[in-house]
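Chain by chain, the residues:
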Amino acid sequence: MLVWTLLLCLCLGAVGHLEEEAQFEDSDLSDFDLDIAPRRVPRQVKTLLTKETKPHIQELSIKTTVISRYAFTAVYCAMLNRHSAAAEGVFQFQIPANAYVSNFTMIVGGRVYQSEVKAKEKKVKEEDGKRKNKEAGDASADSEVEVFRMAVSIPGRNRAVFLLTYEELLQRRLGRYEHVTSVRPLQLVSRLSLDVTIVEHSTITHLEVLPLRNGKSNSKSNSATVASASNAAKTSDKPELPVTTAIKHERNVCKVTFNPNIVQQAKITTSGILGDFVIRYDVERELGIGDIQVLNGHFVHYFAPKDLPAVPKNVVFVIDTSASMLGKKIRQTKEALFTILRDLRPSDHFNFISFSNKIKVWQPHTLVPVTPLNIVDAKKFIFRLAPTGGTNIDDAIQTGSGLLRQYLSGPDAGPNSVSLIIFMTDGRPTVGEVQSTAILGNTRSVVEEKFCVFTIGIGNDVDYRLLERMALENCGMMRRIPEEADASAMLKGFYDEIGTPLLSDIRINYTEDSVEYVTQHLFTNYFNGSEIVIAGKLTNQSAESLHVQVTASNNDKNIILETDVPLRHRQIETEKHVKAATAALAGGSKVPGSSATQGLGDALGLIAEDFVERVWGFLSVKDGLRSRLRSQTSKEREDFTQQATNLSLNYHFLTPLTSLVVEKPEVLPDGTVAPAPTISPATGEAAPSANQLPDEEDMPQTANKRKPGSQTSTQSSMKGKAERRPARKSITISKTSADGDPHFVVEFPLSKLTVCFNINGEPGHVLGLVSDHKYSGVTVNGRLIGAPPPPGSHKQQRTYFSTIIIVVDKPQRAYIEVTPKKVILDGRDRMVLPCHSTVSVDSGAVSVAIVSKSNVTVTIGGSISFVILVHQYKNPAPYQRDHLGFYIANSKGLSHKCHGLLGQFLYEEVGLAEPPADMSAKGRARATPVLKVKDRRVPVYKKTRRIYGGTQSVDCWFAKNNAAKLIDGEYENYLMSHMFDTGDCPHGTNRV
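Residues numbered from 1 in each chain as written. Predicted model: local features only at pLDDT ≥ 70, side-chain atom pairs only at ≥ 80, totals over all residues. Heavy atoms only, no water.

A. Main features of the sheet that holds strand β16 (residues 291-295). Read across the sheet, four strands follow the order β16-β17-β28-β26 without closing on themselves; strand pairing throughout is antiparallel. Across the chains shown, the open sheet's two edge strands, defined by having one partner strand only, are β16 and β26 (515-516). (Pairing = 2+ DSSP bridges. Helix = DSSP H or I, 4+ residues; strand = E, 2+ residues; numbered from the N terminus.)

See below:
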């Protein structure tokens, strides 16, 4: 949450800066800050600006840091409504399809609207069998970008600020990494700046900035022709840089800036669609196993060997010649195939198949070698291709697969050759088998993992989900070619990526028991100019080294590469790498008049400090989504879906499994923004009144929750779904908590398990909840208060938390005492804040935010956050006591040696033990579930807990008897001598 908090502060600061600018005047252009442009503004530009009816973009700042191929981008957009009436402002930005949005915030009329990533609801079927909520991205024809779009009403004479961040792992293709930034604000911008900082562990050996690349415009209202700088560059040996572009290239760091003023933008285009700003680069390669970087318990491994001989390939081209290919498509396809024929190597074998209603095979019985005579004959076959009829995808793939299998079983096939099918279509199956599931099943049956299938879809009328699954299930890749694209160039480019295999059957192993949750580490092929990236967690961070072994096949031999990687040394190197990145970002680019660029750099620098873990999270989500597509059973699909969803939520990624929820600003008739209701951070609902926050056992007597506001979808073609709702959620908190009687809940996201237990203490006891005084300097203790049981209860007495104390020792001493009535912050100065007011205080390393009669959020050092729910009763019954609930919102800053009743589980993983193998089926069915914690076995049973003040339920595995065997030691070990006790608890061993 530290990064989002900093970005939010940046937005607020920028809004303050904007509010200090010149007064609004409809009669002149002072609103547009033309002082940053030459004094003599062309008349045409003035005319365009004065005629503008929609809100004007005063500032658009885009800042990217690429650290070891992982790119973080922050987009800041300030928009001004210079008219007296409210007007709709549209923030629209194209992001790469491979990227994930990780945050969106907007400020409208001085109010902050923070987004939240939530799991999508399961799809349901309507009565007619059609699915609701079609998953975004399934049928998009454009593979290069997704469009993030947010429309919001901006009050008259007011401003809106939008902040979007997204992350992506750059892929290496044809020996280059390519970073693309869309610069399409759809209007001329007063202050436009683009700043890209690339920091690599290895030396940057190649760097180029291309002329602005113009692609498809996603706005129908902007049809003006965009002047292309690339046209002028064609006559020059060296491409012309986009105007104002500056490049600073050092050994491991390069910085590229682009900041055209409003006149320079108008010379490129008056529509605001400047195009794509493209940077290509590559790095020096290490021989052997590649580059491994280690940081904060995670590692990332980049493997891209060079100077290897090409492996012979056996390739069958399966080409769609249905009637829809007539004209430009078939002409460009033929051009690409003619070029590909020239690039085949003498050691390769190949064949062609065309399909429509019927299947035609060039050489009916086998694959043929590359000879001059065969090349000439193949060109004749391609030249005679004539589009006609329907699309028989199933028979085409069956024929091609059968042909390749037959060849591989014969004497001519090389033992280490690479075999593949390149399948191309522009339509959906219309002839023969038309059901996708059947086609996929047939393909799996005939391929039998003996070769790979690479699929290409051209245009808009393609079942891309079918092609994607066909490729993923058969170790291939899928490529989309937009309707208006140069299909010939894209087909040839795709072939170039896979046309030179260097290795096959690659397996990368690490020291057993030293790593866990490793992303994909088995690869069928490695192609020249690409890169294999693997990430994982280290189980033992104190280990001296990590043994890495790479095995693969190359041409006529097997290759084994192995070495011991010194972990401590790599950790130090990676930390230096990160410091270089943050230092480069701290320098910023001084864009005249910009109030956002430097702050964006600082925020991105903080994100970069955890880049290895975020690479792991990014790749793990991608793996989960791929496995979900490949799953053969509903159980497998559900497991992979849950795994990918949990990771998406953990890293705040907008993926096909999550939605981005943002509250909807309401502009009143007088042009002001309506005040938002006080919102509970646990649920996003309007906070109940004081007597509506009962303990879970009191729910039948006092519960009276208000319904949350309805949600409306924004116009967005993002892979995840963006929604707006009239409710504010100030912070997202986890289930790991101690609330109510007190009931403890511990969430283990990677284990996909939730564990719960009760602590039956005595009134006056002080429990150690979080104990990390020696390392992060944080301690959390809670004092219990007693209450009689309600009528009919089996309990003799209940206890609740009456006081929560947080002791902070770093960088300076501070105490926070929270009760249901007040919060005492004792640091440099002593402050007493009432819980019935909404207020926030920042005293340096510690900040406290109170939402009236609802909750208190304590943030320490930006990386540790606790939320204390305030449970008050307006007219309490004799058995009710005002009390607190304690929730851990962000534990990243706590050390791995953290302890306490909750703290000891923050970095632990648990699992359910399987019943003994020799037990009978009947016995296994009756066996008590057992939880594995460290080396202990804890009997548990299923239970449902109500959390967040009773507004939500969670299923958990319950450990009895004051959490015996679940916690280290005994309950008594967690009793503190006083509320400010920071001493280490004698936790015991609890070993069985």
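Here the narrative resumes.
B. Geometry of the sheet that holds strand β9 (residues 172-173). Pairing in this open sheet of four strands is antiparallel, and the strands run β9-β10-β15-β12 from one edge to the other. Two strands lie at the open edges of the sheet, namely β9 and β12 (204-209), each paired on one side alone. Here strand β10 (residues 176-183) pairs with strand β15 (residues 275-283) via seven bridges, running antiparallel. Along β15, the bridge assignment pairs His179 with Ile279.

C. Inspection of helix α8 (residues 436-447) at higher detail. The end-to-end C-alpha separation of α8 is 16 Å, in line with the 16 Å expected for twelve residues at 1.5 Å each. Those residues of α8 not exposed but buried are Ile439, Leu440, Gly441, Thr443, Val446 and Val447. Where α8 is buried, its residues meet α7 (393-408), β23 (452-458) and α9 (464-472). (Expected span 1.5 Å × (residues − 1). Buried < 20%, exposed > 50% of the residue type's maximum accessible area, 1.4 Å probe, protein only. Contact = heavy atoms within 4.5 Å.)

D. How the structure looks around the pattern of salt bridges. Taken as a whole, this structure holds 32 salt bridges when the rule is applied. Between Arg191 and Glu59 there is a salt bridge, and its shortest N-O distance comes to 3.3 Å. Taken together, the residues span a long stretch of sequence, with Arg191 in strand β11 (residues 191-199) and Glu59 in strand β1 (residues 56-67) at a distance of 132 residues. When sorted by exposure, Arg191 lands in the same class as Glu59, which is buried. A single network of salt bridges, built from pairs that share partners, joins Arg69, Arg172, Glu200, Asp282, Arg285 and Glu531. (Salt bridge = Lys/Arg side-chain N within 4 Å of Asp/Glu carboxyl O.)

E. Structural view of the packing of α7 against α8. For the pair α7 and α8, the least separation of the axes is 9 Å and the interaxial angle reads 5 degrees. Between α7 and α8, the crossing angle belongs to the class labelled roughly parallel. Contacts between α7 and α8 involve Ile393, Asp394, Ile397, Gln398, Ser401, Gly402 and Arg405 from the former and Ile439, Asn442, Thr443, Ser445, Val446 and Val447 from the latter. Its residues placed into classes, the contact of α7 with α8 shows five nonpolar, six polar and two charged. (Axes fitted to C-alpha atoms, helices over the stretch in contact; angles between N-to-C directions. Parallel < 35°, antiparallel > 145°, perpendicular 65-115°, else oblique. Nonpolar A, V, L, I, M, F, W, Y, C, P; charged D, E, K, R; others polar.)

F. Summary view of the packing of aromatic side chains. What the rule picks out here adds up to 32 aromatic pairs. Pairing Tyr815 with Phe980 gives two aromatic rings, centres 5.2 Å apart and planes at 85 degrees, and the pair type is edge-to-face. Taken together, the positions of Tyr815 in strand β40 (residues 814-818) and Phe980 in the segment after α17 (960-963) put the pair 165 residues apart, joining distant regions of the chain. Given the relative accessible area of 25%, Tyr815 is considered partly exposed. Residue Phe980 is classed as partly exposed on the basis of its relative accessible area, which comes to 36%. One aromatic cluster is present, built from ring pairs that chain together Tyr70, Phe72, Tyr100, Trp616, Phe618, Tyr651 and Phe653. A cation sits over an aromatic face here: Lys334 above Phe383, 5.8 Å from the ring centre. (Phe/Tyr/Trp six-rings, centres within 6.5 Å; stacked < 30°, edge-to-face > 60°. Lys NZ or Arg CZ within 6 Å of the ring centre and 35° of its normal.)

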